Amino acid sequence: MSHHFSARSLALSAAFALAIGVAACTPSTEQKAASAAPSAFDIPKEVEATAKREITAATLGAPIRYLASDALEGRGPATRGDTLARLYLATELESLGFQPAGTDKSWQQEFDIVGVTAQLPKAWNFKAKTGPVDLKLFDEFIAGSGVQTESAGFKDAELVFVGYGIEAPEYQWDDFKGVDVKGKVLVMLNNDPDWDDKLFAGKTRLYYGRWTYKYESAARHGAAGVIIVHTTPSAGYPWQVVQSSWSGEQFELPAEDEPRVQLKGWATEDSVRRLVKAGGFDLDALVAQARERSFQPVPLGISTSIQFKNKVSRVRTGNVAGILPGSDPKLKEEVVLYSAHHDHFGIGPADSTGDTIYNGAEDNAAGCAQLIAIARAFAALPERPRRSVLMLFVAGEEQGLLGSKYYSLHPTIPAGKIAANINFDGGNFLGRTKDLTQVGMGKSSLDAIAKALVEKQGRTLNPDQFADKGYYYRSDQFSFAKIGVPALYFDNGLDYIGKPEGWGREKEEQWTEHVYHQPSDEINDTWVFDGMIEDAEVGLYAGWLVAQADAMPSWTPGDEFEAARKKALAQ
Ligand SMILES: [Zn+2]
């Protein structure tokens, strides 16, 4: 699975050396060239000394102990804990000498979160040539409302099979071929074509393979609704996960002028097979057609009507933003954007011990603490870096990356002036590792920086081992990638120094099962910080290198987000 990664990143390092063009690259004397071989990735002694002083067990531990304390009640959006967390983060930035960089030069960027609960009929009826077909809610189909109005639905809409529903000029792939699907219900396959390494990065799931892309793609075409065909391999999870995540209230940003479908649906493979059969089609044959570039949308000879009511609610939360101006009169207009989400799940159902507070110590008080420690280091540097440093603590990540999405739609710094994003979601509290994982390796010139820095620590940098699951699109860096900003996002290493082989993976699995998104995500005496310190240092140094370089980082040529960058730079 990871073979194509290594080939890609090798080719990249050479290209990067040309692209980055750091002043330090050019040795001033012949003697220097012969001996020291300074590299574009060297970190000056005073920057290292500042990091050692400012990024410590205390500067990381204290913010985690505060943010994850029971007093903050799990930092659920629009709660007292949310307000306190935001006030604390803004206070930290102000005390370090940052300037407010939120709405109207305040510390915060507030926004509304809309909650929509769709009340769907127990059965969804379809009219086909051979007679009526019903899909049963929950067992066979699941849906959410695509709109935030009290009622939604459509009448006599025709079903059209559109394959993967993908339009990707960089892969010469277009499933729509200009066919008008306005007002139709689109039946789509999940994932992206993954049977060929040259198509959509092979097994790696790109954004084209995420369900969010499918609904956005349908909306752009003016469709009335979508049915994504669920299979466990193409989703990456079983039907039960679709059932639990699409039942109940769904959270979104308030609707603006973007196109929307009325209904965002999923159906099991078996029920879609039964449905298309009623129109005279064989699902396997349709899937086979969808694998060809020459695929054309297939009207299924089936129509449907559905009407449903929505319960709509609205609450308010916000991002926190502070900026440390750079030293270069021109480059200081550009920023290195650090992000970490400050929200978690608040107070919820009790666990087996009766605990109801979802403290979110690792997720993501740990990420916030790393941002604060990095902010401290930048503020304490004897010389400011050339570009500015923007610290952004985003809200509503757990409800669907809402804070970073809001920022990307309403950036306080223009997208074309954001050199790179370095995102922290989680942190290592188990000790030093011989490795570090980079989610989204292969996508941008930032790879070369990450690799050099991690190797200088005597560690190895590994690609994400679950690239088919699309983790790159599941934390806040994705919101910034969509507006063209290349990002670094690391996951903990697994090979712990002084521990037997397999220990890290076992700990990780136990944590996922017993702690992740549960009240037990708390900080306690077993936490150690030497691993988190090293990871935060990589984040600091990477941002410093980006801030100093003559040119901004770039996407790997042909990457899915390259076009968004070109657009941002042209504005
Ligand atoms: Zn998180």
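Residues numbered from 1 in each chain as written. Predicted model: local features only at pLDDT ≥ 70, side-chain atom pairs only at ≥ 80, totals over all residues. Heavy atoms only, no water.

Colleague: How would you sum up the overall build of the chain? Please name residues and give values.
Modeller: On a plain count of helices and strands, the chain comes out with 17 helices and 21 strands. Its C-alpha radius of gyration of 24 Å places the chain within 12% of the 25 Å reference for a compact globule of 571 residues. With respect to the three principal axes, the spread of C-alpha positions in the chain is 80 × 55 × 50 Å. A buried classification covers 56% of the 571 residues belonging to the chain. When the accessible surface of the chain is summed, it comes to about 23800 Å², and 54% of that surface belongs to carbon and sulfur atoms. Each charge class in the chain can be summarised by its mean position, and for the 58 positive and 75 negative side chains these summaries are 4 Å apart. (Helix = DSSP H or I, 4+ residues; strand = E, 2+ residues; numbered from the N terminus. Rg over C-alpha atoms; globule rule 2.2 N^0.38 Å. Buried < 20%, exposed > 50% of the residue type's maximum accessible area, 1.4 Å probe, protein only. Areas by Shrake-Rupley, 256 points an atom, 1.4 Å probe, with all protein chains shown as cover. Lys, Arg positive; Asp, Glu negative; His and termini not counted. Charge placed at Lys NZ, Arg CZ, Asp CG, Glu CD.)

Colleague: Which residues make up the coordination of the zinc ion, and what are the values?
Modeller: Protein-derived ligands of the zinc ion are His 341 (NE2), Asp 363 (OD), Asp 425 (OD) and Asp 425 (OD), with the metal-ligand distances lying across 2.0 to 2.7 Å. Between the 4 donor atoms coordinating the zinc ion, the angles at the centre fall across 53 to 154°, so the site counts as irregular. In the primary sequence, the donor residues of the zinc ion line up as H-x21-D-x61-D. With His 341 in strand 14 (residues 335–341) and Asp 363 in helix 11 (residues 361–380), this pair connects stretches of sequence that are 22 residues apart. Under the relative-accessibility criterion, Asp 363 is labelled buried at 6%. (Donors = N, O, S within 2.8 Å, 3.2 Å for Na, K, Ca; no water. Tetrahedral: all angles 85-135°; square planar, octahedral: opposite > 155°, others 65-115°.)

Colleague: Before we move on, can you summarise the pairing of strand 4 (residues 131–136) with the specific residues and values?
Modeller: Pairing analysis gives 6 bridges linking strand 3 (residues 123–128) to strand 4, with the strands arranged antiparallel. When the sheet's bridge partners are listed, Ala 123 is paired in strand 4 with Lys 136. Once strand 3 ends, the chain turns through 2 residues before running back antiparallel as strand 4. (Pairing = 2+ DSSP bridges.)

Colleague: Residue-level account of the packing of helix 11 against helix 16 (residues 530–548), with values.
Modeller: Running from N to C, helix 11 and helix 16 point in directions that differ by 55°, and their axes come no closer than 10 Å. Relative to helix 16, helix 11 is oriented oblique. Here helix 11 runs over helix 16; the crossing is right-handed. Here helix 11 contributes Ala 366, Gln 370, Ile 374, Ala 377 and Phe 378 to the contact with helix 16, which in turn contributes Met 532, Asp 535, Ala 536, Gly 539, Leu 540, Gly 543 and Trp 544. For the contact of helix 11 with helix 16, the residue count by class is 8 nonpolar, 3 polar and 1 charged. (Axes fitted to C-alpha atoms, helices over the stretch in contact; angles between N-to-C directions. Parallel < 35°, antiparallel > 145°, perpendicular 65-115°, else oblique. Left-handed = near helix turned anticlockwise from the far one by under 90°. Contact = heavy atoms within 4.5 Å. Nonpolar A, V, L, I, M, F, W, Y, C, P; charged D, E, K, R; others polar.)

Colleague: Lay out the packing of aromatic side chains in plain terms, naming residues and giving numbers.
Modeller: Scanning the model with the defined rule gives 27 aromatic pairs in all. Arranged with centres 4.8 Å apart and planes meeting at 40°, the rings of Trp 124 and Phe 126 form a pair that is tilted. This pair shows no difference in class: Trp 124 is buried, exactly as Phe 126 is. A connected cluster of aromatic rings, assembled from ring pairs, spans Tyr 171, Trp 173, Phe 200, Tyr 207, Tyr 208, Tyr 213, Tyr 472, Tyr 473, Phe 478, Trp 555 and Phe 561. The positively charged end of Arg 291 is found above the aromatic ring belonging to Trp 195, 4.0 Å away from the centroid. (Phe/Tyr/Trp six-rings, centres within 6.5 Å; stacked < 30°, edge-to-face > 60°. Lys NZ or Arg CZ within 6 Å of the ring centre and 35° of its normal.)

Colleague: Can you explain a negative patch on the surface? Please cite residues and give values.
Modeller: Among the surface-exposed residues, Asp 491, Glu 506, Glu 508 and Glu 509 lie close enough to one another that they form a single negatively charged patch. Ranked by the residues each element gives to the negative patch, the list is headed by helix 15 (residues 503–514), at 3 residues. Relative accessible area serves as the criterion here: at 46%, Glu 506 is assigned to the partly exposed category. (Patch = residues over 30% accessible without salt bridge, like charges linked within 9 Å, V, L, I, M, F, W, Y side chains within 5 Å. Salt bridge = Lys/Arg side-chain N within 4 Å of Asp/Glu carboxyl O.)

Colleague: Would you mind going over unusual backbone geometry in detail, with residue names and values included?
Modeller: Cis geometry is adopted by the peptide bond preceding Asn 364, which originates at Asp 363 and carries an omega value of 10°. With respect to the helices and strands, the residue Asn 364 is situated in helix 11. A positive phi angle, close to 55°, is found at Leu 401, a residue other than glycine. By the element assignment, Leu 401 lies in the loop between strand 17 (388–394) and helix 12 (402–409). Here Leu 401 falls in the buried class, since its relative accessible area comes to 11%.

Colleague: Tell me about the pattern of salt bridges, and name the residues and values.
Modeller: For the structure on display, the rule yields 27 salt bridges. Its salt-bridge partner being Glu 537, residue Lys 52 comes within 2.9 Å of it at the nearest N-O pair. Here the residue Lys 52 occupies a position in helix 3 (residues 45–54), and Glu 537 occupies one in helix 16, the gap between them amounting to 485 residues. With its nearest N and O atoms 4.0 Å apart, the salt bridge here joins Lys 127 to Asp 156. Taken together, the positions of Lys 127 in strand 3 and Asp 156 in strand 6 (residues 151–161) put the pair 29 residues apart, joining distant regions of the chain. Note on Asp 156: relative accessible area 47%, which makes it partly exposed.

Colleague: Please give an account of the nonpolar core that cites residues and values.
Modeller: Of all hydrophobic cores here, the largest spans 71 residues; its most connected members are Ile 55, Ile 64, Tyr 338, Phe 378, Met 391 and Phe 393. With 12 residues, helix 11 is the largest single contributor of residues to this core. In this structure Phe 393 touches Leu 89, Leu 93, Asn 319, Val 320, Ala 340, His 342, Cys 368, Leu 371 and Ile 372, once residues within four positions along its chain are discounted. In this structure, Ala 128, Val 272, Ala 278 and Val 298 belong to the second largest nonpolar core, which totals 57 residues. (Core = buried A, V, L, I, M, F, W, Y, C linked by side-chain atoms within 4.5 Å.)

Colleague: Could you give an account of helix 16, with specific residues and numbers?
Modeller: Along its 19 residues, helix 16 runs 27 Å from first to last C-alpha, staying within 8% of the 27 Å computed at 1.5 Å per residue. Taken across its 19 residues, helix 16 has 18 buried, putting it largely inside the fold. (Expected span 1.5 Å × (residues − 1).)

Colleague: Provide a residue-level description of the environment of Gly 146, including the pertinent values.
Modeller: For Gly 146, the position within the fold is in the loop between strand 5 (141–145) and strand 6. For the pair Gly 146 and Leu 96, spaced 50 residues apart in the sequence, the C-alpha separation amounts to 43 Å. If sequence neighbours within four positions are ignored, Gly 146 has contacts with Arg 260, Val 261, Gln 262, Leu 263 and Lys 264.

Colleague: Explain the environment of Val 276 to me, and be specific about the residues and the numbers.
Modeller: Along the chain, Val 276 falls in helix 9 (residues 269–278). A relative accessible area of 1% places Val 276 in the buried class. Sequence separation between Val 276 and Ile 323 is 47 residues, and the spatial gap between their C-alpha atoms is 55 Å.

Colleague: So, the side chain of Lys 443: which residues are in play, and what are the values?
Modeller: Tracing the backbone through its elements, the reader meets Lys 443 in the loop between strand 19 (435–438) and helix 13 (446–456). Residue class for Lys 443 comes out buried when judged on its relative accessible area of 8%. Side-chain polar atoms of Lys 443 contact the side chain of Asp 559, separated by 3.1 Å. Beyond its immediate chain neighbours, meaning those up to four positions away, Lys 443 contacts Leu 206, Tyr 472, Tyr 473, Trp 555, Thr 556, Asp 559, Glu 560 and Phe 561. (Polar contact = N/O pair within 3.5 Å; in protein donor to acceptor, adjacent residues only side chain to side chain.)

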